[in-house]
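Here is how the chains run, residue by residue.
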Amino acid sequence: MILHIPHSSTNTLNYTFDCDVSTELELLTDHRTDELFQHDDASRLVFPVSRLICDVERFEDDHQEPMAKVGMGVCYEKTAAGDSLRQVTAVQRQEILETYYRPHHERLTAMVDAELALKQHALIIDCHSYPNDPLPCDQNQTVFRPDICIGTHEFHTPPTLANFTYYFFRDRGYTVAFNLPYSGCMVPAAYYRKNERVHSVMLEVNRNVYKESLEPIKGIISEWLCQISKEAAALDEVFDFDEQMTQMFIEGFRWQAEGM
């Protein structure tokens, strides 16, 4: 199991900004996710640089990246509100790609390679958090923001894993939604839609859940990681959903979100 933690850092590498960067760091950093997501038997990849400098979960090619249209591609040039953050020259962008972005993805791919060499499947947990109120830059402006958001992919997220995760957190008193307010999960490009042995799921935690304390959610996440680190076959025994129910979960309750 691989814990991918891309947005926990506040390290801006002494770059200069056009605004008070502390506001953007407060809004956009996935605070303390490097503390929330820990497991003794998992590999961890924690990106050491702030997403304001380099967002490793964006497509490298701005033409492929929807958020590049609002100045928040690999290298952010706009704030969450759309104001000027900084100017990134072509030389700076290339340096950031070569120094931070590409090596990070190479490390993630190597970690998946290593898991596949040893096990039947590689499992990536994409670890995030989010503010309780939508940001101006968010594509989904739905006011309802659950305690837990599960991001899935129809090719790389096994229905049993998605279903198990949903009920695991719901049964412990948390509100849970699929792909709301954020969707999808991290898969290395070398494996994306190419290898069904590479499994991935995103777990996003509403920051209100741990605003006062990391507990109890840290312990509950640890328990969840222990459960899903077991063989996938064990998950099949937990729930037995028919095809229609599974499809409803994976699609993320779109009908519910639209009605809120």
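Everything numeric here is computed off the predicted structure, so don't read it as measured data. (Residues numbered from 1 in each chain as written. Predicted model: local features only at pLDDT ≥ 70, side-chain atom pairs only at ≥ 80, totals over all residues. Heavy atoms only, no water.)

Moving on to the pattern of salt bridges. Applying the stated criterion across every chain, the model contains eleven salt bridges. When the shortest N-O distance is used, the salt bridge between Asp 30 and Arg 207 registers 3.2 Å. In this pair, Asp 30 is assigned in the loop between helix H1 (21-28) and helix H2 (33-36) and Arg 207 in the loop between strand E6 (198-206) and helix H5 (217-228), connecting sequence segments 177 residues apart. The partner of Asp 138 in a salt bridge is Arg 145, and the shortest N-O contact between them spans 2.7 Å. For Asp 138, a relative accessible area of 10% gives the class buried. (Salt bridge = Lys/Arg side-chain N within 4 Å of Asp/Glu carboxyl O. Helix = DSSP H or I, 4+ residues; strand = E, 2+ residues; numbered from the N terminus. Buried < 20%, exposed > 50% of the residue type's maximum accessible area, 1.4 Å probe, protein only.)

The residue Ser 129 is located in strand E3 (residues 122-130) in this model. At 3.1 Å, the side chain of Ser 129 and the side chain of Tyr 210 are in polar contact. If near-sequence neighbours (up to four positions away) are discounted, Ser 129 is found in contact with Asp 30, His 31, Thr 33, Glu 204, Val 205, Arg 207 and Tyr 210. (Polar contact = N/O pair within 3.5 Å; in protein donor to acceptor, adjacent residues only side chain to side chain. Contact = heavy atoms within 4.5 Å.)

Here we come to the sheet that holds strand E4 (residues 148-151). The six strands are arranged E2-E1-E3-E6-E4-E5 in an open sheet whose pairing can be described as mixed. Each of the sheet's edge strands pairs with one partner strand only, and the pair in question is strand E2 (43-46) and strand E5 (176-178). Shown here is a sheet whose adjacent strand axes are inclined to one another by a mean of 20°, direction ignored. Sheet topology note: the E4/E6 ladder contains four bridges and is antiparallel. Across the sheet, residue Cys 149 finds its bridge partner in E6, namely Glu 204. Lying over the sheet, H5 contacts strand E1 (2-5), E3, E4 and E6, oriented at roughly 170° with respect to E6. (Pairing = 2+ DSSP bridges. Axes fitted to C-alpha atoms, helices over the stretch in contact; angles between N-to-C directions.)

On to the environment of Phe 168. For Phe 168, the position within the fold is in helix H4 (residues 159-170). A residue is classified by how much of its surface remains accessible, and Phe 168, at 5% relative accessible area, is buried. Sequence separation between Phe 168 and Ile 220 is 52 residues, and the spatial gap between their C-alpha atoms is 9.2 Å. Excluding residues within four positions of it along the chain, Phe 168 makes contact with Ile 220, Glu 223, Trp 224 and Gln 227.

Attention now goes to the pairing of E1. The alternating pattern of E1 places Ile 2 and His 4 and Leu 3 and Ile 5 on opposite faces, both of which are buried. Of the pairings in the sheet, the one linking E1 to E2 comprises four bridges and is parallel in character. Each bridged residue has a counterpart across the sheet, and for His 4 the counterpart in E2 is Leu 45. In the sheet, E1 pairs with E3 via three bridges, with the strands oriented parallel. Among the inter-strand pairings, Leu 3 is bridged to a residue of E3, identified as Ile 125.

Every buried residue of H1 is accounted for by Val 21, Glu 24, Leu 25 and Leu 28. Projected onto a plane normal to the axis of H1, the buried residues spread over an arc of 100° and lie on a single side. (Arc of directions from axis to C-beta.)

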